[in-house]
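Summary of structural features
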Amino acid sequence: MTDRTTAQPAEPEQAPGPSERATTHSLPAHPAVDPHDNRRQVLYWRLLARLFDPEEQAALESASLAVVKDIGLPPALLDPKTSVDSVVQRHPELAAELDGLMAPDPTEAEAEAEAEAEADDGDCDCDCDGDGDCDGDDARDRAAEVRRAALVSKVLLNVFTTGSGAVSAGELARWQSDAGWLERALGCVPGDLRGGRAGGGAGAAGPGVSPTGTGGRGTAPDLSRLIPAIGPELGAIEADLVKRMRLREVLADPRLAAQLTPSMSLIEQLLQDKNNLSGVALANAKDLIRRFVDEVAEVLRTQVEKAAVGALDRSVPPKRVFRNLDLDRTIWKNLTNWSPEEERLYVDRLYYRHTARKTTPQRLIVVVDQSGSMVDSMVNCTILASIFAGLPKVDVHLIAYDTQALDLTPWVHDPFETLLRTNLGGGTDGTVAMALAQPKIAEPRNTVVVWISDFYEWQSEPLFESMAAIHRSGAKFIPVGSVTSSGRGSVNPWFRERFKDLGTPVISGHIRKLVHELKTFLT
């Protein structure tokens, strides 16, 4: 039996009409979708989903797992409960990839600008037919972008998904470690963005793995393009974790206390709660404060040493040692002794550089608002005052105040003891501090008064008049609104405008600004 099929005659193709031809030519060909783009989008959609909803999205999780395995990365990258340290310990080669992973690259910015300029001129080298519709896709390494998306997602999820409820010492230490890796990814030293701590410390294992993610790049990149500034946000997250931790119970257990890493948020909590601690808990709290003070002091001491110093004192003869020899001047002054026949320069006299600098006895009076909102300033300026107190011919006085004033000058050389005598919190009444500060101004021309506060005062006008009187007397008055490493702070607009009119604008931002002002005046 034979199957028979009836063949239908093929219909002749009709030529498209004029309107159809126009439509056909006007539609561009759709480029093929790059699978790397789909993979990268899956990873970033999963990141957004996990940031805003702790519940897992099964489809995104399975797709992300397939992507991570396909590009040769460990599946642990997708587990928010696994610290970055743990991943790097198992896969040490990832440490180099995480360093500077999210840091702005100036060379890339210049290349993008050049590509845009070439596209505007129609002279680009890609296959855009010179129509200017070019985004430089041909030069992109899409496979590397997928790998970068997986690593970025891991760091961001670990830092910004902190959950709720009580926090253990181990969980805080793990978060601090992950935050250190985020800072490394941004090209900074761990601890710099959160403010006050220099990273490193005991247990650091060099540029590879360490408990706090230390060993990042040495030079800080330009992070001004980050909107909002990420440093204050990291500090706020850390402060929230510290508040959720049962700190007294942790401090009472030496094993748990050893897991804590000193930070500005932790020190603030310790200083506020120190009167309620005793025995082992108090001893562990003091040890943490001492470690933090020493780390910050090392950073600030370096900044003071690098700041500008006083003018050279040419009345003091230069010390005649080889390191001070001014070779260029010696040759220039002895050129008349050149012998063309012998091709030799005879030196009659050696010239040396002056290194002695003019210094006059100066008095530095630091007044610090110790209300709860100024803890960063209290810590930084207490340490800074102790450093300047160690300089020759500088007489340093330190006053802390809230609604009452306390003269801490006897302990100014020891910032640790000074901080233990502070009492953070309460209101603000600068007039009581002014009553202590004014009698200390014996020689206005040789005195600098640094007043650190947010200037939200109970008696604004009387206090400002006293400050203006100090300025008019010839003393240098420096109002400081925020002395933090992260740059966050607020200043009463009423005071800000009046200081500006007085010719003494408020210094706000990084502590380096205050270091430069003080070093220039005092030396």
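For the structure given in this document, a descriptive report is provided here. (Residues numbered from 1 in each chain as written. Predicted model: local features only at pLDDT ≥ 70, side-chain atom pairs only at ≥ 80, totals over all residues. Heavy atoms only, no water.)

**Observations regarding the nonpolar core**
Ranked by internal contacts, the top residues of the largest apolar core, which has 88 residues, are Met 245, Leu 251, Leu 260, Leu 270, Leu 364, Val 450 and Leu 518. Those residues in contact with Val 450, other than ones at most four positions away along the chain, are Leu 364, Ile 365, Val 366, Val 367, Ile 478, Val 480, Leu 514 and Leu 518. Within the second largest apolar cluster, 23 residues are counted, among which are Val 367, Met 434, Val 449 and Val 506. (Core = buried A, V, L, I, M, F, W, Y, C linked by side-chain atoms within 4.5 Å. Buried < 20%, exposed > 50% of the residue type's maximum accessible area, 1.4 Å probe, protein only. Contact = heavy atoms within 4.5 Å.)

**So, the pattern of salt bridges**
Think of it this way: side chains of opposite charge can pair up when their charged atoms draw near. Within the structure shown, the criterion is met by 16 salt bridges. One salt bridge connects Asp 70 with Arg 39, and the closest N-O pair in it is separated by 2.5 Å. Taken together, the positions of Asp 70 in helix α3 (residues 58–70) and Arg 39 in helix α2 (residues 35–52) put the pair 31 residues apart, joining distant regions of the chain. When its relative accessible area of 48% is taken as the criterion, Asp 70 is described as partly exposed. On the basis of relative accessibility, which here comes to 24%, the residue Arg 39 falls in the partly exposed class. For Arg 147, the salt bridge is made with Glu 97, and the minimal N-O distance between the two is 2.9 Å. Placement of Arg 147 in helix α7 (residues 142–160) and of Glu 97 in helix α5 (residues 94–98) is noted, with a sequence separation of 50 residues between them. (Salt bridge = Lys/Arg side-chain N within 4 Å of Asp/Glu carboxyl O. Helix = DSSP H or I, 4+ residues; strand = E, 2+ residues; numbered from the N terminus.)

**Quick word on helix α9 (residues 230–244)**
One turn of an α-helix holds 3.6 residues; hence residues three or four places apart share an orientation. For α9, which comprises 15 residues, the first-to-last C-alpha distance of 21 Å matches the rise-based estimate of 21 Å (1.5 Å per residue) to within 8%. Burial within α9 is extensive, with 11 of its 15 residues counted as buried. Taken together, the buried positions of α9 are occupied by Ile 230, Gly 231, Pro 232, Leu 234, Gly 235, Ile 237, Glu 238, Ala 239, Leu 241, Val 242 and Arg 244. Each element contacted by the buried residues of α9 is listed here: α7, α8 (169–185) and α12 (264–273). (Expected span 1.5 Å × (residues − 1).)

**Focus: the packing of aromatic side chains**
Taken as a whole, this structure holds nine aromatic pairs when the rule is applied. Through a chain of ring-to-ring contacts, the aromatic side chains of Phe 455, Phe 464, Phe 477, Trp 494, Phe 495 and Phe 499 assemble into a single cluster. (Phe/Tyr/Trp six-rings, centres within 6.5 Å; stacked < 30°, edge-to-face > 60°.)

**Let's talk about the packing of helix α18 (residues 460–472) against helix α19 (residues 493–502)**
Following both chains from N to C, one finds α18 and α19 inclined at 25°, their axes separated by 11 Å at the closest point. As judged from the angle between their axes, α18 and α19 are roughly parallel. Helix-helix and strand crossings are classified by hand; for α18 and α19 the assignment is right-handed. For the pair formed by α18 and α19, the contact residues are Ser 460, Glu 461, Leu 463, Phe 464, Met 467, Ala 468 and His 471 on the first element and Trp 494, Phe 495, Arg 498, Phe 499 and Leu 502 on the second. Of the residues that constitute the contact of α18 with α19, the class distribution is eight nonpolar, two polar and two charged. (Axes fitted to C-alpha atoms, helices over the stretch in contact; angles between N-to-C directions. Parallel < 35°, antiparallel > 145°, perpendicular 65-115°, else oblique. Left-handed = near helix turned anticlockwise from the far one by under 90°. Nonpolar A, V, L, I, M, F, W, Y, C, P; charged D, E, K, R; others polar.)

**A few points about the side chain of Asn 158**
Summarising the element assignment, Asn 158 is placed in helix α7. Not counting chain neighbours up to four residues away, the residues in contact with Asn 158 comprise Asp 79, Pro 80, Thr 82, Ser 83, Val 84, Trp 175 and Asp 178.

**Quick notes on the packing of α8 against α9**
Geometrically, a packed helix pair is captured by the angle between its two axes and the distance between the axes. Their axes nearest at 11 Å, the elements α8 and α9 cross at an angle of 175°. Between α8 and α9, the crossing angle belongs to the class labelled roughly antiparallel. Counting all contacts with α8, which are made through Leu 172, Trp 175, Gln 176, Leu 182 and Glu 183, the residues of α9 involved are Ile 230, Leu 234, Ile 237, Glu 238, Leu 241 and Val 242. Of the residues belonging to the contact of α8 with α9, the class tally is eight nonpolar, one polar and two charged.

**Details of a positive patch on the surface**
A cluster of basic residues, Arg 320, Arg 329, Lys 333 and Arg 349, forms a positive patch at the surface. Mapped onto the elements of the fold, Arg 320 is located in the loop between α13 (279–306) and α14 (327–333). (Patch = residues over 30% accessible without salt bridge, like charges linked within 9 Å, V, L, I, M, F, W, Y side chains within 5 Å. Areas by Shrake-Rupley, 256 points an atom, 1.4 Å probe, with all protein chains shown as cover. Lys, Arg positive; Asp, Glu negative; His and termini not counted. Charge placed at Lys NZ, Arg CZ, Asp CG, Glu CD.)

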